[in-house]
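Architecture at a glance
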Amino acid sequence: TQGLDFIAMKSGDVNNEASPENMDSVTFLLTSVGAPVVTQDYSVAVRTADFNAMIAAQYSIGWNANLLSFNNVSDFHPDLEMDNSNFSFIRVQEGKLPWVWFESDPLSLADSTVLFRINFTVSGQVGNEIDLCFTEDPTTFYFEGNNQELAGRFTKLQTEIMMTSEVAMLVFWSSSW
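These figures come from a predicted structure and were not determined experimentally.

All right, on to the confidence of the model for the protein chain then. When pLDDT is low, close inspection of the predicted coordinates is not appropriate. Averaged over every residue, the pLDDT of the protein chain is 85; the share at 70 or more is 80%. For the protein chain, per-element mean pLDDT is lowest for helix 1 (residues 165-175), which scores 45, and highest for strand 4 (residues 68-74), which scores 98. Of the regions scoring below 50 in pLDDT, residues 5-15 engages in two contacts with residues more than four places distant in sequence or in other chains. Across residues 168-177 the pLDDT falls below 50, and counting only partners more than four positions away or on other chains, this stretch makes two contacts in the model.

What follows is the structure, encoded as structure tokens:
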């Protein structure tokens, strides 16, 4: 094959020298208040730390859809200027919620800031282990701040369904006396 021109470009880590150990990072955490109760609503907060001069972030959150039924996302941090359009709800019945956010002006948030909440109904049984985690299925991790790609650090949420709604009501009723 003669007379063909070919130009190739590689963006990002052109020297293959980047590693998570050498990169600045941003941290994401999953937290909840209270224990999950069978058939009751259960809310999980997505928090951050080291969210400094960020302009882009994306990941997916995964869970066992047999134990938690997705309801909605809420409590968007106002500085993020986001809404439901930042999420894809196509695979929530499979326990997968992709999230994408970007901003033209760098944004910094205090550590432990809630970015948003994911709201579920507990559909598992007492004793079932609930795991929620950050995942690249289906959205790959990507984080950018200060015009450089950042490494992501994550904590997952692991808890156990502790009681039925009937027991929870009995505990509440007896503690209100």
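Next comes the rest of the write-up.
Another point: the packing of aromatic side chains. By the definition in use, this model includes 20 aromatic pairs. Ring centres of Phe28 and Phe134 lie 6.2 Å apart, and the angle between their planes is 50°; this geometry places the pair in the tilted category. Residue Phe28 is located in strand 1 (residues 25-32), and its partner Phe134 is located in strand 7 (residues 129-135); the two are separated by 106 residues in the primary sequence. Exposure remark for Phe134: the relative accessible area of 10% places this residue in the buried category. Measuring from ring centre to ring centre gives 4.9 Å for Phe87 and Phe116, while their planes differ by 85°; the resulting arrangement is edge-to-face. Here Phe87 is found in the loop between strand 4 and strand 5 (96-109), whereas its partner Phe116 is found in strand 6 (residues 113-122), with 29 residues between them in sequence. Pair check on accessibility: Phe87 and Phe116 agree, each one buried.

The subject of this paragraph is the pairing of strand 6. For strand 6, a buried count of eight out of 10 residues is recorded, marking the element as mostly surrounded by other parts of the structure. Sheet topology note: the strand 2 (residues 41-49)/strand 6 ladder contains eight bridges and is antiparallel. Among the inter-strand pairings, Val44 is bridged to a residue of strand 6, identified as Ile118. Sheet topology note: the strand 4/strand 6 ladder contains six bridges and is antiparallel. Counterpart to Leu68 in the pairing with strand 6 is Val122.

Once that is clear, we can look at the nonpolar core. Counting 38 residues, the largest nonpolar core has Tyr59, Ile61, Phe116 and Leu132 as its most contacted members. Secondary-structure elements contributing two or more residues to this core are strand 1, strand 2, strand 3 (51-63), strand 4, strand 5, strand 6 and strand 7. Per element, the largest residue contribution to this core is six residues, and it comes from strand 3. If sequence neighbours within four positions are ignored, Ile61 has contacts with Leu30, Val46, Gly95, Lys96, Leu97, Phe116, Ile118, Leu132, Cys133, Phe134 and Thr135.

Look at the link from Asp137 to Pro138: it is a cis peptide, with omega at 10°. Mapped onto the fold, Pro138 is located in the loop between strand 7 and strand 8 (142-145). Of note in the backbone geometry, Ser112 takes a positive phi value of approximately 75° without being a glycine. Relative to the elements of secondary structure, Ser112 occurs in the loop between strand 5 and strand 6. Here Ser112 falls in the partly exposed class, since its relative accessible area comes to 42%.

Checked against the element boundaries, Ser60 lands in strand 3. Within the structure, Ser60 has its side chain in polar contact with the backbone nitrogen of Thr139 (distance 3.1 Å). Beyond its immediate chain neighbours, meaning those up to four positions away, Ser60 contacts Leu97, Pro98, Cys133, Phe134, Thr135, Asp137, Pro138 and Thr139.

Below, the discussion takes up the environment of Glu144. Among the secondary structure elements, Glu144 is positioned in strand 8. Look at Glu144 and you get buried, because its relative accessible area is 18%. Ignoring any residue separated from it by four or fewer positions in sequence, one finds Glu144 in contact with Met54, Ile55, Ala56, Glu149 and Leu150.

Definitions and limits used
- Residues numbered from 1 in each chain as written.
- Predicted model: local features only at pLDDT ≥ 70, side-chain atom pairs only at ≥ 80, totals over all residues.
- Heavy atoms only, no water.
- pLDDT = per-residue confidence, 0-100.
- Helix = DSSP H or I, 4+ residues; strand = E, 2+ residues; numbered from the N terminus.
- Contact = heavy atoms within 4.5 Å.
- Phe/Tyr/Trp six-rings, centres within 6.5 Å; stacked < 30°, edge-to-face > 60°.
- Buried < 20%, exposed > 50% of the residue type's maximum accessible area, 1.4 Å probe, protein only.
- Pairing = 2+ DSSP bridges.
- Core = buried A, V, L, I, M, F, W, Y, C linked by side-chain atoms within 4.5 Å.
- Polar contact = N/O pair within 3.5 Å; in protein donor to acceptor, adjacent residues only side chain to side chain.

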